[in-house]
Amino acid sequence: QKEVEQNSGPLSVPEGAIASLNCTYSDRVSQSFFWYRQYSGKSPELIMSIYSNGDKEDGRFTAQLNKASQYVSLLIRDSQPSDSATYLCAVNWEMEYGNKLVFGAGTILRVKS
Amino acid sequence: GAGVSQSPSNKVTEKGKDVELRCDPISGHTALYWYRQRLGQGLEFLIYFQGNSAPDKSGLPSDRFSAERTGESVSTLTIQRTQQEDSAVYLCASSFLGAAPLTEGETQYFGPGTRLLVL
């Protein structure tokens, strides 16, 4: 089992709809979870971080964390064509030497106008 | 600097040649990471530096790959005797306190990457 798993997609949603991106992770000590967005040919950029169970909202983005189920998701409300990108889930493992971010392979999102 | 910078932005080389990739992290960031991303694939962790020591080299794919870092600044990733399967984007990231539990808002910030093509 991969440490961080995401559906590769592509996930296609119409403009204005809610896009739901999911991520599961293996059983390791993790306290921090991140969503990065990566446009084609560009480097990843951080869009959301979440540390506690429940929901965290930031503008059109909502991150949801359920540690018991080892599940983290990202909801994008009112999806726009500019949201079309690959979304990478990252889980922080606290190693004996420090922190290590483990990334999923990413989900391709396509928002159709 | 304002962000993580990497050079060169693009590199084309012939199979068997050595290449050196450079990363300048954000000023003050103690932790530095190298990743590889093949076309259409996810991020593959290569190596992690805390200061100028590398406590995690587990991702280096072979002994042709090596990296070093000077203090808490520049890092270089060297690939010897390049092979075609080394073709990828090599991304560098830095963070402020790699050795401490991450606090709210702290994470890794990525450079623009070096696109390596081995012919």
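Here the structure is shown first, and the text comes after it.
In short, a report on the structure.

Rules and cut-offs
- Residues numbered from 1 in each chain as written.
- Chains lettered and ligands numbered in written order.
- Predicted model: local features only at pLDDT ≥ 70, side-chain atom pairs only at ≥ 80, totals over all residues.
- Heavy atoms only, no water.
- Helix = DSSP H or I, 4+ residues; strand = E, 2+ residues; numbered from the N terminus.
- Rg over C-alpha atoms; globule rule 2.2 N^0.38 Å.
- Buried < 20%, exposed > 50% of the residue type's maximum accessible area, 1.4 Å probe, protein only.
- Contact = heavy atoms within 4.5 Å.
- Areas by Shrake-Rupley, 256 points an atom, 1.4 Å probe, with all protein chains shown as cover.
- Lys, Arg positive; Asp, Glu negative; His and termini not counted.
- Charge placed at Lys NZ, Arg CZ, Asp CG, Glu CD.
- Pairing = 2+ DSSP bridges.
- Axes fitted to C-alpha atoms, helices over the stretch in contact; angles between N-to-C directions.
- Disulfide = S-S within 2.5 Å.
- Core = buried A, V, L, I, M, F, W, Y, C linked by side-chain atoms within 4.5 Å.

**Things to note about the overall build of chain B**
Inference 1: When helices and strands are counted, chain B shows zero helices and eleven strands.
Inference 2: Starting at the N terminus and walking to the C terminus, you meet the elements of chain B as β-β-β-β-β-β-β-β-β-β-β.
Inference 3: By the compact-globule yardstick of 14 Å for 119 residues, chain B fits well, its C-alpha radius of gyration being 14 Å.
Inference 4: Expressed as lengths along the three principal axes of its C-alpha atoms, the size of chain B is roughly 45 × 25 × 25 Å.
Inference 5: Evaluated residue by residue, chain B yields a buried proportion of 49% over its 119 residues.
Inference 6: Residue pairs at least 24 apart in sequence account for 57% of intrachain contacts in chain B once pairs closer than 6 positions are excluded.
Inference 7: Within the structure as shown, chain B displays about 5,500 Å² of accessible surface, and the carbon and sulfur contribution to it stands at 50%.
Inference 8: Averaging the positions of the 11 positive and the 13 negative side-chain charges in chain B gives two centres separated by 7 Å.

**Some details on the sheet that holds strand β3 (residues 19-24) of chain B**
All names here are of chain B.
Inference 1: Read from one edge to the other, the open sheet built from four strands follows the order β1-β3-β8-β7, with strand pairing classed as antiparallel. Each having just a single partner strand, β1 (5-7) and β7 (65-69) make up the two edges of the open sheet. If you compare each strand with its neighbour and ignore which way they point, the axes differ by 15° on average.
Inference 2: Pairing of β7 with strand β8 (residues 75-79) involves five bridges; the strand directions are antiparallel. Within the sheet, the bridge partner assigned to Ser66 lies in β8 and is Thr78.

**Let's talk about unusual backbone geometry**
Inference 1: Of note, the amide linkage connecting A:Gly9 to A:Pro10 takes the cis form, showing an omega dihedral of 10°.
Inference 2: Tracing the backbone shows A:Pro10 in the loop between β1 (4-5) and β2 (11-14).
Inference 3: In this model, B:Ser7 is joined to B:Pro8 through a cis peptide bond whose omega is -10°.
Inference 4: Inspection of the secondary structure puts B:Pro8 in the loop between β1 and β2 (10-13).

**Regarding the state of the cysteines**
Inference 1: Tallying each qualifying case throughout the model produces two disulfides over all chains.
Inference 2: The residue that forms a disulfide with A:Cys23 is A:Cys89, at a sulfur-sulfur distance of 2.1 Å. Taking the torsion about the S-S bond as the criterion, the A:Cys23 to A:Cys89 disulfide, at about -70°, is left-handed. Of this pair, A:Cys23 sits in strand β3 (residues 19-25) while A:Cys89 sits in strand β9 (residues 85-95); the two residues are 66 residues apart in sequence, bridging distant segments of the chain. Exposure class is identical for A:Cys23 and A:Cys89. Each is buried.
Inference 3: A disulfide bridge connects B:Cys23 with B:Cys92, and the sulfur atoms are separated by 1.9 Å. The chirality of the disulfide connecting B:Cys23 with B:Cys92 is left-handed, given an S-S dihedral of about -65°. In this pair, B:Cys23 sits in strand β3 while B:Cys92 sits in strand β9 (residues 88-95), placing the two residues 69 residues apart along the sequence. Both residues of the pair, B:Cys23 and B:Cys92, count as buried.

**Re the sheet that holds strand β6 (residues 54-58) of chain A**
Sheet strands pair by backbone hydrogen bonding; their relative direction is either parallel or antiparallel.
All names here are of chain A.
Inference 1: On the basis of which strands lie adjacent, the open sheet formed by five strands has the order β1-β3-β8-β7-β6 and antiparallel pairing. The open sheet has two edge strands, β1 and β6, and neither has a second partner.
Inference 2: Alignment of β1 against β3, held across two bridges, turns out to be antiparallel. The partner of Glu5 across the bridge, within β3, is Thr24.

**Here's the deal with the nonpolar core**
Inference 1: With 25 residues, the main nonpolar core has A:Trp35, A:Val72, A:Leu74, A:Ile76 and A:Tyr87 as its most contacted residues.
Inference 2: Only β3, β4 (30-38), β5 (45-50), β7 (61-66), β8 (71-76), β9 and β11 (107-112) of chain A provide two or more residues apiece to this core.
Inference 3: Tallying contributions element by element places β9(A) first for this core, with five residues.
Inference 4: Residue contacts for A:Ile76: discarding those within four places in its chain leaves A:Ala17, A:Ile18, A:Ala19, A:Leu21, A:Arg60, A:Phe61, A:Asp83, A:Tyr87 and A:Leu109.
Inference 5: B:Cys23, B:Phe49, B:Ile79 and B:Cys92 belong to the second largest nonpolar core, which has 19 residues in total.

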